[in-house]
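Each chain, letter by letter, is given below.
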Amino acid sequence: MRVLLIEDDRSLAAMLGEYLAEAGFAVERVEEGGAGLAALADGSFDAVVLDVMLPDLDGFEVCRRARAGSDVPILMLTARGDETDRIVGLELGADDYLPKPFNPRELLARLRAILRRRSLSPAERAGVLRFGRLEIDRDAREVRVEGERRELTSHQFELLRVLAENAGRVLSRDALMQSVRGSPLEAFDRSVDVHVSRIRSAIEDDPRQPRRLLTVRGAGYVFARSQDDAGD
Amino acid sequence: MRRLSLQLYGVCIGSLALFFLLASFAWMCGPAPPRERAIFDGLAAMLVDVLPGPGAPRAEVDGALAELGERFRTDLTLRGDDGALLGAVGAPLPGPPPGRREPGWLHRGGGHRAAVRLPDGRWLMSRAHRARHWHGAAWLAGFGLLAVAVAVVAYPVVRRLTRRLERLRAQVDTLGGGDLAARVPVEGRDEVAALATSFNRAAERIERLVGAQRTLLASASHELRSPLARLRMGAELLAGDARPELRERMEKDVAELDALIAELLLASRLDGLESLERREPVDLLGLVAEEAARVGASAEGEPASVLGDPRLLRRLVRNLLENARRHGGDGPVDARVGREEVPGAEPAVRLRVFDRGPGVPATERERIFEPFYRPEGVAEGDGGGFGLGLALVRQIARHHGGEVSCRPRAGGGSCFEVRFT
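This one's a predicted model, so the numbers in the text were calculated from it and none came from an experiment. Numbering of residues starts from 1 in every chain and runs along the sequence as written. Think of it this way: whatever chain is written first is A, whatever ligand is written first is 1, and the rest follow in order. Owing to the predicted nature of the model, reporting of local features is limited to residues with pLDDT of at least 70; listing and counting of side-chain atom pairs is limited to 80 or more, with chain, interface and lining totals taken over all residues. Only heavy atoms go into the side-chain values, all of them from the structure, while hydrogens and water stay out.

By the convention used here, residues are in contact when the closest approach between their heavy atoms is within 4.5 Å. The interface of chain A with chain B comprises 39 residues on the first partner and 31 residues on the second. The quantity reported as buried area is the accessible area (1.4 Å probe) lost by two parts once they are put together, taken as the sum for both. Where chain A abuts chain B, roughly 3,000 Å² becomes buried across the two surfaces, and 57% of that area is made up of carbon and sulfur atoms. Of all residues in chain A, Met15, Pro101 and Arg217 of chain A bury the most surface against chain B, accounting for 20% of the area lost on that side. We define a salt bridge as a contact between a side-chain nitrogen of Lys or Arg and a carboxyl oxygen of Asp or Glu at a distance within 4 Å. Counting every contact that joins chain A to chain B gives five salt bridges. For arginine 105 of chain A, the salt bridge is made with glutamate 236 of chain B, and the minimal N-O distance between the two is 3.1 Å. Two N or O atoms form a polar contact when they lie within 3.5 Å of each other; inside protein one atom must be a possible hydrogen donor and the other a possible acceptor, and for residues adjacent in sequence the pair counts only when both atoms belong to side chains. Along the contact surface separating chain A from chain B lie nine residue pairs in polar contact (both at pLDDT 80 or more). Secondary structure is summarised from DSSP: a helix means a run of H or I of at least four residues, a strand means a run of E of at least two, and numbering begins at the N terminus for each. Elements that contribute at least two residues to the side of chain A that touches chain B include exactly helix H1 (10-22), helix H4 (83-92), helix H5 (104-118), strand S10 (213-216) and strand S11 (220-223) of chain A. The greatest single-element share of the side of chain A that touches chain B, amounting to six residues, is contributed by H1 of chain A. Residues are grouped as follows: nonpolar covers Ala, Val, Leu, Ile, Met, Phe, Trp, Tyr, Cys and Pro; charged covers Asp, Glu, Lys and Arg; every other residue, Gly included, is treated as polar. Split into classes, the residues belonging to the side of chain A that touches chain B amount to 18 nonpolar, nine polar and twelve charged.

As C-alpha cells, this is what we get:
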C-alpha cells in the first residue's frame, strides 16, 4: 500500500513515515501542497495523509483539488484546534480528520478503516453508519468492529440500528419497542434490557463498562454520538 | 421609534398651541387695536343718540336697552362711571375695572363682553347670548384643526427621520447579536448620516480586531501543538528498549498538556465573546449520558433541552464529570438531569454531579472556580489542583445564561449544580 504524506513538519513526517513503514506501508513524503498535488497527478497512491497548515497552499485547498481529480482516500491532520475545520474538511471530501497531537495507533487504525471503506461501492458505503471503529451496515445487516463481523440476531440488529440512527438522543423503552418491528414473541418490555446486554457483549470493548450503548436510569438508553474519539 | 415621533409631534403641537394661547392672552389683555378702537368710538357716538341721557329713570333705560338687546341679540348693561348699575337687560354684566378709560373687550368676572364708553363717562357692556359655550366649542374645533394640519405637514418629515433611525438601530442590534459584517447605509448629510458613518467605522474596527484575535488563537494552537505532536510520535517510536511506564507517563503528559492548551484557548476565546456563536437545542440528558460513560459515572434523569452551543456544553459536562472522578477517586460518581418549575417563566434545567470525595470546605466553594486555583497544602502534580476545568464550567454556564455552584453533600462528598434558566 502506497501512502503519500503531505506534511511540512519535517521531524514529525520522518517519524510518522517510519511508523507507517513498520506497519507495512510504502510512504512517500513531500513538504508542500503543490508538490503533493504534482505527486498525486504523476503516481498512484492508495491513501493520502494531509496536514492542514502548509507553507504554500491551504490544506483545504489541496484537499479540494486532490478530490477534484481523484477518488483517493484522504486523512487530514490539524494542529489548529478549531472544530469547524473538521466539518469543512469532511465537506471538501476528506475521508477522516485527526487533530494533533494524535495517537499514532489511532491514526493507523483510521487509515486502515478508510482504506477498507474505499473497497466498498458508493451505494454500500451510504448504508453504513460509522462510529469510530464500529460499523453498522444497514444493507448487509451486519455489524463490524475494526472490520471484524459481530453476531447479532435480526431483532438485536434493529434495536441497535434505531439507537444508532438517533445517536445522542435518549430513547425510552417504549419508544424503542414501538420503532422496532420484530417477532411479537421477542418484544417484551424486560426483554429490551436483555437484548441491550446481548448487543453490548457483541460490540463493546468492555460490556461491563459500556461506551457505545449507554443506560440512562429512569429514562432509557442512548447511543453515544462520539465513540473512540481520543480528545474530541 | 413611536416615542420619538410622538415627542416631535407633541413638541410641534405644544409650541403652536402655546403660541396661540399667548397670542390670545396678549390680544385679550391688551388695549384694543386702533381700528377696533375706531369702531368702539363710532358705536359710542351712535349710542348717545339712541340711549336716554344721564339721570334718566331706570325704567326708561331698561326699555331702551331691551329694544337694543333684542335687535342685536345680546345682554346689555349700562353703568355709570363709578360702576353703579343704571339699567340692564338680561343678567347684569360687571363693568370695567375702576380707573379704566379705554373701551374694548372684557374677560374677567363675567365672561367675554364688549365695553363701550359713552362720551358722558357711562359704560355699556354687551355680551352675546351663549357666548361662553360658543367660544369653548370654537376653541376645541380650532385646536382640532390645528392638530390635523400639523400632523399632515410634519408627518413625512418625522417619518423619514424615524425610519432612518430605525434602520440604524436594527443594524446595531445585528452587530450586537454577533454578525460583525453588519453595516448601515449612509443617507443624506445630516447628523444621522454622521452617526451612521461613525457606526460603520466602529463595526469595521471590531470585525478586524475579532478576526485578528481568531487568527492569533489558531496560530497559537498550531505553534503549541506541533511540538506536542512530535513528542507523542516520538514516544510511540521508543519501542521495547524504553521502560513502558516511562513511555506511558510521557503519553499522559502530552495528553494533559494538549487538554490544557485546548482549555486555555477556549477560555481566551470565551473571554472575548459577548454572546454565543451557535444556538441550537441540545439534548442535555443524552450528552450527560455519553460523557458519564467516559468516566464510569452513572447518568439519570429526565430529557431536558438547553439552547446553546453543543461543543461548549459538552466541555462543561465533561469537565464537571472529570473533576468529580479525579477528586472522588474510585467512589461512585452520579450525574442527574432535571427540570425545575419557575413561577411565571420557562422551567429551569438543572444538572447535578455528585461525588464521594473529600468534599470542598465552605471557605473554598467559590474559590475553586478561579483559574488554576490550588487549595492549601496540595502539591504540584498531585492531581489535586483544579486547573482551568471549573473556571471554564463557570464561563460556559454564564454564556448560556446559567450559573454553577458547589454544595456540600450529606454523607460526605460534593454536589456541583449547574442551573440553566
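Text resumes after the structure shown.
This brings us to the packing of aromatic side chains. Here the aromatic set is Phe, Tyr and Trp, taking the six-membered ring for Trp, and pairing holds for ring centres within 6.5 Å; pairs whose planes are under 30 degrees apart are stacked, those over 60 apart are edge-to-face, and all others are tilted. Tallied over the full model, the rule gives three aromatic pairs over all chains. Both rings, one in phenylalanine 131 of chain A and one in phenylalanine 223 of chain A, keep their centres 4.8 Å apart while their planes meet at 75°; by these two values the pair is edge-to-face. Remark: phenylalanine 223 of chain A occurs in strand S11 and phenylalanine 131 of chain A occurs in strand S6 (residues 128-131); sequence separation between them is 92 residues. Between phenylalanine 40 of chain B and tryptophan 105 of chain B, the ring centres sit 6.1 Å apart and the planes meet at 90°, which makes this aromatic pair edge-to-face. Placement of phenylalanine 40 of chain B in helix H2 (residues 34-50) and of tryptophan 105 of chain B in strand S3 (residues 104-106) is noted, with a sequence separation of 65 residues between them. Burial status follows relative accessibility: with a 1.4 Å probe on protein chains alone, a residue under 20% of its type maximum counts as buried, one over 50% as exposed, and anything between as partly exposed. What makes tryptophan 105 of chain B partly exposed here is its relative accessible area of 31%. A ring has a charge above it when a Lys NZ or an Arg CZ is no more than 6 Å from the ring centre and no more than 35 degrees off the ring normal. The cationic tip of arginine 2 of chain A hangs over the ring face of phenylalanine 45 of chain A; the distance from NZ or CZ to the ring centre is 4.4 Å. The ring of phenylalanine 369 of chain B is capped by arginine 394 of chain B, whose NZ or CZ atom sits 4.3 Å from the centre of that ring.

Residues and elements named next belong to chain B. Computed over the protein atoms alone on a 1 Å grid, cavities are sets of points where a 1.4 Å probe fits but cannot get out and pockets are open sets with protein on both sides within 12 Å along at least five of seven lines; a residue lines them when it has an atom within 4 Å of a point. Grid points are joined across faces, edges and corners, and a volume is the space filled by probe spheres set on the points. Considering all chains together, one arrives at four cavities of 30 Å³ or more under this definition. As a volume, the largest cavity reaches approximately 70 Å³. Lining the largest cavity are Arg164, Arg167, Leu168, Val184, Pro185, Glu187, Val192, Ala193 and Ala196. Elements that contribute at least two residues to the lining of the largest cavity include exactly helix H4 (131-176) and helix H5 (191-237). The class makeup of the residues in the lining of the largest cavity is six nonpolar, no polar and three charged.

All names here are of chain B. Computed from the structure, the second largest pocket encloses a volume of approximately 590 Å³. Lining the second largest pocket we find 24 residues, and of these Leu43, Phe72, Thr74, Leu76 and Ser126 sit closest to its centre. If you list the elements that add at least two residues to the lining of the second largest pocket, you get H2, helix H3 (58-72), strand S1 (74-79), strand S4 (113-117) and strand S5 (123-128). Examining the composition of the lining of the second largest pocket, we find that seven residues originate from one element, H2, more than from any other. Classifying every residue of the lining of the second largest pocket gives 16 nonpolar, three polar and five charged.

These figures come from the coordinates and say nothing about function on their own.
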